[in-house]
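Structure at a glance
These are the residues of each chain, in order.
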Amino acid sequence: MTDTVTVYGEKMPLSTESLVLGIGEKMKLPGFGENAFGPGLHLKRDEDMYLRMVADIAFGDRPDGSEKVPAASADEMKIFEQARRHLPQSVYDLNRWKTVVGPEWLPHVVYVLNRGGRFQEYEKAYKDGQMANKYGQMVGIYMEKQVTTKNSMTGNPYVGHAHFMDSPADCLGNKLDDEAKGFDLTLITYRHIAQCKSRTSGNYWLQALYPENFIDISPTDAKRLGLRDGDRVKVISPTNEEGVWDLGLGRRKPMVGKVKTTQGIRPGVVAFSLGHGHWAYGAGEVVIDGATVPADSRRATGIHANAAMRVDPVLKNTGLVDLVGGSAVFYQSQVRLVRI
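None of these values were measured; they are calculated from a predicted model. (Residues numbered from 1 in each chain as written. Predicted model: local features only at pLDDT ≥ 70, side-chain atom pairs only at ≥ 80, totals over all residues. Heavy atoms only, no water.)

Describing the pattern of salt bridges
Threshold: Criterion for a salt bridge: a side-chain nitrogen of Lys or Arg within 4 Å of a carboxyl oxygen of Asp or Glu. Segments assigned H or I by DSSP are reported as helices when at least four residues long, segments assigned E as strands when at least two residues long, and all are numbered from the N terminus. Type-normalised accessible area, obtained with a 1.4 Å probe on protein chains alone, sets the label of each residue: buried when under 20%, exposed when over 50%, and partly exposed for intermediate values.
Taken as a whole and assessed by the stated rule, the structure comprises 15 salt bridges. Across the salt bridge formed by D184 and R224, the nearest N and O atoms sit 2.7 Å from each other. Here D184, found in the loop between α6 (144–147) and β7 (185–191), pairs with R224, found in helix α8 (residues 219–225); they are 40 residues apart in sequence, far enough to count as distant. According to the relative accessible area criterion, D184 is partly exposed, its value standing at 23%. D231 is the salt-bridge partner of R339, the closest N and O atoms lying 2.9 Å from each other. Of this pair, R339 sits in strand β16 (residues 333–339) while D231 is found in the loop between α8 and β9 (232–236), placing the two residues 108 residues apart along the sequence. Assessed through its relative accessible area of 46%, R339 is described here as partly exposed. Several salt bridges converge on common partners, so that one network encompasses E10, R45, E47 and R96.

Some points on the layout of surface pockets
As a reminder, the rule being used: Lining residues are defined by having an atom within 4 Å of a point belonging to a cavity or pocket. Those points lie on a 1 Å grid over the protein atoms alone, cavities being sets where a 1.4 Å probe fits but cannot get out and pockets being open sets with protein on both sides within 12 Å along at least five of seven lines. Grid points are joined across faces, edges and corners, and a volume is the space filled by probe spheres set on the points. Classes in brief: Ala, Val, Leu, Ile, Met, Phe, Trp, Tyr, Cys and Pro nonpolar; Asp, Glu, Lys and Arg charged; the others, Gly included, polar.
In this structure, the largest pocket spans a volume of roughly 410 Å³. Lining the largest pocket are 19 residues; nearest its centre among them are E67, R118, F119, Q120 and E121. Top contributing element to the lining of the largest pocket by residue count: helix α5 (residues 106–115), with three residues. Counted by class, the lining of the largest pocket contains six nonpolar, four polar and nine charged residues. Each pocket or cavity is described by its volume, and for the second largest pocket that value is around 310 Å³. Together, 15 residues line the second largest pocket, and N151, V159, H163, M165 and L323 are the ones closest to its centre.

Considering the packing of helix α4 (residues 94–101) against α5
Defined as follows: Fitted lines through C-alpha atoms give the axes, limited to the stretch in contact for helices. The angle between two N-to-C directions lies from 0 to 180 degrees. What sets the label is the angle itself: under 35 degrees gives roughly parallel, over 145 gives roughly antiparallel, 65 to 115 gives roughly perpendicular, and the rest give oblique. Contacts are residue-level and defined by heavy atoms, with any inter-residue pair within 4.5 Å sufficient.
Contact geometry of α4 with α5 gives a least axis separation of 9 Å together with a crossing angle of 105°. Judged by the inter-axis angle, α4 sits roughly perpendicular to α5. Together, L94, W97, K98 and V101 of α4 and L106, V109 and L113 of α5 make up the contact between the two elements. Taken together, the residues of the contact of α4 with α5 sort by class into six nonpolar, no polar and one charged.

Regarding the pairing of β9
What counts, and what does not: When DSSP finds at least two bridges between two strands, those strands are taken to pair.
Here three bridges tie β9 to strand β12 (residues 256–261), and the two strands are oriented antiparallel to one another. Residue pairing across strands places V233 opposite G257, the latter belonging to β12.

Some details on the nonpolar core
Note the threshold: We call a set of buried residues a nonpolar core when its members are Ala, Val, Leu, Ile, Met, Phe, Trp, Tyr or Cys and they connect through side-chain atoms within 4.5 Å of each other.
Core analysis: the biggest nonpolar cluster contains 20 residues, and L187, I215, V235, V270 and L337 have the highest contact counts within it. Listed by contribution, the elements that provide at least two residues to this core are β7, β8 (215–217), β9, β13 (269–274) and β16. Residue contributions to this core peak at three residues, all from β13. Sequence-distant contacts of I215, defined by excluding residues within four places in its chain, comprise V233, V235, G257, K258, V259, K260, V270, A271, F272, I303 and L337. By size, the runner-up hydrophobic cluster in this structure holds 18 residues, among which are F80, Y92, W105 and L106.

Quick notes on the side chain of H108
As for its placement among the helices and strands, H108 is situated in helix α5. The residues touching H108, leaving out its near neighbours within four places in the chain, are A58, K68, V69, P70, A71 and A72.

Side note on the packing of helix α3 (residues 74–82) against α5
Heads up, the rule is: By definition, turning the near helix anticlockwise from the far helix through less than a right angle yields a left-handed crossing, and turning it clockwise yields a right-handed one.
Put simply, α3 and α5 touch, their axes get as near as 10 Å, and they point 70° apart. With respect to α5, the element α3 is oriented roughly perpendicular. Remark: the crossing between α3 and α5 carries left-handed chirality. Side by side, α3 and α5 meet where E76, M77 and F80 of the first sit next to L106, P107, V110, Y111, L113, N114 and R115 of the second.

Observations regarding the packing of aromatic side chains
Test applied: In this scheme Phe, Tyr and Trp rings, the latter by its six-membered ring, pair at centre separations within 6.5 Å, and the angle between planes marks the pair as stacked below 30 degrees, edge-to-face above 60, and tilted otherwise.
Using the criterion set out here, one finds five aromatic pairs in the structure. A centroid spacing of 5.9 Å and a plane angle of 55° characterise the contact between F80 and W97, whose relative ring orientation is tilted. In this pair, F80 sits in helix α3 while W97 sits in helix α4, placing the two residues 17 residues apart along the sequence. Note on W97: relative accessible area 11%, which makes it buried. Seen in terms of ring centroids, Y92 and W97 are 5.1 Å apart; in terms of plane orientation they differ by 80°. Their pairing is edge-to-face.

Structural notes on the sheet that holds β7
Taken together, the six strands give a closed barrel; going around it, the order is β7-β13-β8-β12-β9-β16, and neighbouring strands pair in mixed fashion. Each neighbouring strand pair of the sheet contributes to a mean axis angle of 45°, computed without reference to strand direction. Taken together, the four bridges between β9 and β16 define a ladder with antiparallel strand orientation. Opposite K234, over in β16, you have V338 as the bridge partner.

Observations concerning the pairing of strand β2 (residues 10–13)
The side chains of a regular strand alternate, residue by residue, between the two faces of the sheet. Pairing between strand β1 (residues 4–7) and β2: four bridges, direction antiparallel. Within the sheet, the bridge partner assigned to V7 lies in β2 and is E10. In textbook terms, the turn of a hairpin is the stretch between consecutive antiparallel strands, and for β1 and β2 this stretch comprises two residues, one of which, Y8, has a positive phi near 50°.

Quick look at the structure:
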């Protein structure tokens, strides 16, 4: 999926790891390249580090090796190898893997990789009716650091204990009355199992599983609003009553999607999954050095409604924010659905 580059004489896919290794090679940094981990133990490729990390997990905590995981069987090893036979040597080379962790340890590494990690037996999770793996640290109920720190917006100290805060609110703590103004649905987002936030629009195998996303709504709300599966609606909010993305240069994209009713969502809440509703990433036509790259309509399906998220009326140029942590608030924007 990416270009192939050469670092430390090794061909590998262009990636964050290859970039870091390339910087290490160019600047002749210690801890990279030849004998980075000791005599004969090099760091020239990403698996030189990652496979050894998995081997550490496979070995366990006891120096005598008594906690090491079992070795993958011959059949399991064969399946593991066959599943990667389509990959180029720049990505996967079994002999190279054997060199990194040793041929005797590779089956233990594969055992961990095939299971997605190392897990404790269920029977050992509890002892005498209590959790065996206790937290063992202090739990802070009163946070002195919070109380002695002032909110930069209000000048008042933060509250140092759990308490109720009315929401949604602006950055000064003033409650917003958007629901009373007819914006009667709370907008939230989530990720579908077959899509990530942005970069899977060009993966057509995943697109085949989930070609477009929807405006998810409870049957109770759908009945109240007179909506049915497949109806097209626009998402509008107090700070985006047009329901559009302003993309600049005169380009605008309406936040329009299809309704899908589901019992798995609470009445009063609507949601859309992330990963669809693109206008870039190949979804729109672009011109590069005079050559036109045509748009692919498969990448433009569905809706992305982040532009409907409530803008803070005090800050005016950002969304609602967590009053303590400062991060964006994604689950308190009140919206309304307008049938198209």
